[in-house]
Amino acid sequence: MRVPSALASLSAMLALTAAVPATSQDRPAAPPASSSAATPPPAAPDPASRLPKPKLILAISVDQFSADLFAQYREHFTGGFARLLTGAVFPQGFQSHAATETCPGHSTLLTGVHPARTGIIANSWYDAKAGRDVYCVEDEHDPTSTAKEPVVSSAHLKAPTLGDLMKRADPAALNVAVSAKDRAAVMMSGHTADAAYWWLGKGFTTYRGRPISAAANAQSAATDALIEAGAPELPVPSWCEKLDRAVPVGDFTVGTFRFPLKAGDYKGFGRTPRVDAATGELAVRLVDEMGLGKDPVTDVLSVSFSATDYVGHAYGTEGVEMCIQLAQLDATLGRLFAALDQRGIDYVAVLTADHGGFDAPERLRQQAFPGAQRLDPALKDGALSEAVSKDTGIKAKDGQLLHGAGASGDIWLAPGLTRSQQGKVVAATVKRLKANPQIAAVFTAAELVRIPMPQGDPQDWTIEQRTRASFDPERSGQILMMTKRGVVPGPNPGYAATHGSPWDYDRRVPMLFWRKGVAGFEQPDPVETVDIAPTLAALIGLSEPAGTWDGRCLDIDGGEGDSCAR
Ligand SMILES: [Zn+2]
């Protein structure tokens, strides 16, 4: 019942915003200075707003690309990143919320609202009606959808994306997304994707029931051929050499892998920089197939590169692996920009990330962070359920008493408890969590609904405010636990490090804007990823009612012009 009601409220919202007078959404080719004879012309020249609207918005997400990695590697970039560094550089962007995971993070990028409004509170959440975790881009009401093989859908997303709004303003606008991850492509394109592709272990795929286009099939064939053939180790740039050192993590080591690809190793392929190259190549094929950026109506192409995240999880963030990955991604980005240049497309590019990341505690402890540690197993949901059952004498009718503990984030109670039992279980769980030395803060849903949505500078938000920004009373747990800085779940085989905490290493991401002919600059004052949608909307003259976005328009013209004043 929830999803249809969410969809109903979305369509009500779309209908409401559609009622805005058409004049504010008209797209005159003339410069905006001529919009009213009564308005005096601006005193200073306004190069950004004198530029015609870009024909294509290229919105890039680099999964797990923290502001820390950007700071560490920016001096070495010579490819696509180097171009972005000549534009508007915001080194301190914030995914302001606490739930620093892929799906919530991607949901903020082009909707311009925090996860509390996108409804995407986590990569998955426990659904009492379904009796299981549901995936953020799943339609669990489809009887064929299972936890293992979810039917992919945008139904959970409660806000329109920029592409959705552009298409509503002019149905000729094209809204296209590609990623190695389904949740990234779905969250960036939203409800009206003309094409959305993601890597499915073997080949690129799309929504069920949609044909896979010739371009996507061609890219899948090319990628499959590469995997079948295998590939040698990737080169180690000289600036990566100091990081090339083995560190034991659990029963494996990280720090020295160079990504050789064994012939036929489809699983291994997904954890190498090569999956980003394939994603970028498919993006270019889709530009050609769909004619993106060709006609006067602006299109949007979202590209989410996933390998940085896969590499960060498998090997941590401070080994030779991440260094090689970012060097390869720099080249992949360079090829993508060059392909658009060759086609003569006038585009604006933005690059950011869905969340930051953190290294493996085993290496952090060697490198001046003695407090880094692995999560106490007593905080995992199985152990916590048993302990709370013992404390209260209450057991779930079926399965565990608590779901979802084991990292910063939500804890859901098992269904079927009476109101009084729920109260006792919440109180006992909160008490146990607060007594654990690894816990920084615990909130109940009842507390969070009462606090207002945070405003102002995201670096000053309290942990409670960060948690509020990714809280949705319909979907969030009854309890939200936040572990202390430096506490990392795992390790699991092949999984050394992760993100998902409310701490700034997971919240801070770079935000880089570039457009030919617009003066670049660097602005270290914090901004938010929810600022991206209104910033891009201003560039194409798309006007939406107040309150549409949680963010604000950023003036990306470093000169006297104001790209927000169209
Ligand atoms: Zn991740």
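Residues numbered from 1 in each chain as written. Predicted model: local features only at pLDDT ≥ 70, side-chain atom pairs only at ≥ 80, totals over all residues. Heavy atoms only, no water.

Caption draft 1: Looking closely at the overall build of the chain. Each helix and strand in the chain was counted, giving 20 helices and 20 strands. Taken against the 2.2 N^0.38 rule, which gives 24 Å for 566 residues, the C-alpha radius of gyration of the chain at 23 Å falls within 12% of a compact globule. Summarising its shape, the C-alpha atoms of the chain cover approximately 75 × 55 × 45 Å along the three principal directions. Relative to its full complement of 566 residues, the chain shows a buried share of 58%. Pairs at least 24 apart in sequence give 73% of the contacts found in the chain among residues at least 6 apart. Summed over its atoms, the accessible surface of the chain is roughly 21,800 Å², and 55% of this surface lies on carbon and sulfur atoms. Here the chain holds 54 positive side-chain charges and 63 negative ones, and the gap between their average locations is 4 Å. (Helix = DSSP H or I, 4+ residues; strand = E, 2+ residues; numbered from the N terminus. Rg over C-alpha atoms; globule rule 2.2 N^0.38 Å. Buried < 20%, exposed > 50% of the residue type's maximum accessible area, 1.4 Å probe, protein only. Contact = heavy atoms within 4.5 Å. Areas by Shrake-Rupley, 256 points an atom, 1.4 Å probe, with all protein chains shown as cover. Lys, Arg positive; Asp, Glu negative; His and termini not counted. Charge placed at Lys NZ, Arg CZ, Asp CG, Glu CD.)

Caption draft 2: How the structure looks around the coordination of the zinc ion. Surrounding the zinc ion are the protein donor atoms Asp 309 (OD), Asp 309 (OD), His 313 (NE2) and His 499 (NE2), at 2.0 to 2.5 Å. Each of the four donor atoms around the zinc ion contributes to a set of angles spanning 55 to 154°, which defines the coordination as irregular. One chain supplies every donor for the zinc ion, spaced along it as D-x3-H-x185-H. Of this pair, His 313 sits in helix H12 (residues 307–315) while His 499 sits in the loop between strand E17 (487–488) and helix H19 (504–507), and the two are 186 residues apart along the sequence. With a relative accessible area of 7%, His 313 lands in the buried category. For His 499, a relative accessible area of 14% gives the class buried. (Donors = N, O, S within 2.8 Å, 3.2 Å for Na, K, Ca; no water. Tetrahedral: all angles 85-135°; square planar, octahedral: opposite > 155°, others 65-115°.)

Caption draft 3: Here's a closer look at the state of the cysteines. The final tally for this structure, using the stated rule, is three disulfides. A sulfur-sulfur separation of 2.1 Å characterises the disulfide bridge that pairs Cys 240 with Cys 323. Taking the sign of the torsion about the S-S bond as the criterion, the disulfide between Cys 240 and Cys 323, at about -85°, is left-handed. Here Cys 240, found in the loop between helix H9 (214–229) and strand E8 (247–249), pairs with Cys 323, found in helix H13 (residues 320–342); they are 83 residues apart in sequence, far enough to count as distant. (Disulfide = S-S within 2.5 Å.)

Caption draft 4: Representation of the sheet that holds strand E15 (residues 439–444) in the model. A sheet is described by the order of its strands in space; here four strands give the open sequence E13-E14-E16-E15, paired in antiparallel fashion. The sheet terminates laterally at strand E13 (402–403) and E15, the two strands that pair on one side only. Note that E13 and strand E14 (residues 409–413) share two bridges and pair antiparallel. Looking at E14, one finds that His 403 is bridged to Trp 412. Where helix H16 (residues 419–435) meets the sheet, it contacts E13, E14, E15 and strand E16 (479–483), and its direction lies at approximately 165° from that of E15. (Pairing = 2+ DSSP bridges. Axes fitted to C-alpha atoms, helices over the stretch in contact; angles between N-to-C directions.)

Caption draft 5: Representation of the pattern of salt bridges. Scanning the model with the defined rule gives 20 salt bridges in all. The salt bridge partner of Asp 142 is Arg 208, with a shortest N-O separation of 3.8 Å. A residue pair is termed long-range when its members are at least 10 positions apart, and Asp 142 in the loop between strand E4 (132–135) and helix H7 (162–169) and Arg 208 in the loop between strand E7 (204–205) and H9 qualify at 66 residues. A salt bridge links Asp 244 to Arg 258; its shortest N-O distance comes to 2.5 Å. Note that Asp 244 is positioned in the loop between H9 and E8 and Arg 258 in the loop between strand E9 (252–254) and helix H10 (266–269), a separation of 14 residues in sequence. A residue is classified by how much of its surface remains accessible, and Asp 244, at 27% relative accessible area, is partly exposed. (Salt bridge = Lys/Arg side-chain N within 4 Å of Asp/Glu carboxyl O.)

Caption draft 6: Looking closely at the pairing of strand E3 (residues 124–127). Across four bridges, the pairing between E3 and E4 is antiparallel. Paired with Asp 127 across the bridge in E4 is Arg 132. Counting the residues between successive antiparallel strands, the hairpin from E3 to E4 contains four residues, one of them, Gly 131, with a positive phi of roughly 70°.

Caption draft 7: Expanded view of the environment of Asp 127. Residue position: Asp 127 is located in strand E3. Residues Asp 127 and Glu 474 lie 347 residues apart in sequence; the distance between their C-alpha atoms is 9.9 Å. In terms of polar contacts, Asp 127 uses its side chain to reach the backbone amide nitrogen of Ala 130, at 2.8 Å. (Polar contact = N/O pair within 3.5 Å; in protein donor to acceptor, adjacent residues only side chain to side chain.)

Caption draft 8: Geometry of the environment of Ala 327. Along the polypeptide, Ala 327 turns up in helix H13. C-alpha separation for the pair Ala 327 and Cys 240, spaced 87 residues apart in sequence, amounts to 9.2 Å. Apart from the residues within four sequence positions on either side, Ala 327 is in contact with Pro 237 and Trp 239.

Caption draft 9: Structural view of the confidence of the model for the chain. Looking at the chain as a whole, its pLDDT mean stands at 92, while 91% of the residues score no less than 70. Taken element by element, the predicted model of the chain shows its lowest mean pLDDT in helix H1 (residues 2–18) (40) and its highest in strand E1 (residues 56–62) (99). Below pLDDT 50 for its whole length, residues 1–48 participates in 58 contacts with residues either more than four positions away or in separate chains. (pLDDT = per-residue confidence, 0-100.)

Caption draft 10: Region of the structure containing the nonpolar core. Core analysis: the largest hydrophobic core is formed by 71 residues, its most contacted members being Leu 58, Ile 60, Phe 65, Phe 81, Leu 301, Tyr 347 and Leu 351. The dominant element in this core, judged by the number of residues it contributes, is H13, at 11 residues. When neighbours within four sequence positions are excluded, Leu 58 is seen to be in contact with Leu 301, Val 303, Leu 336, Phe 337, Leu 340, Tyr 347, Val 348, Ala 349 and Val 350. Among the nonpolar cores identified, the runner-up in size contains 28 residues, and Ala 59, Met 188, Leu 536 and Leu 554 belong to it. (Core = buried A, V, L, I, M, F, W, Y, C linked by side-chain atoms within 4.5 Å.)

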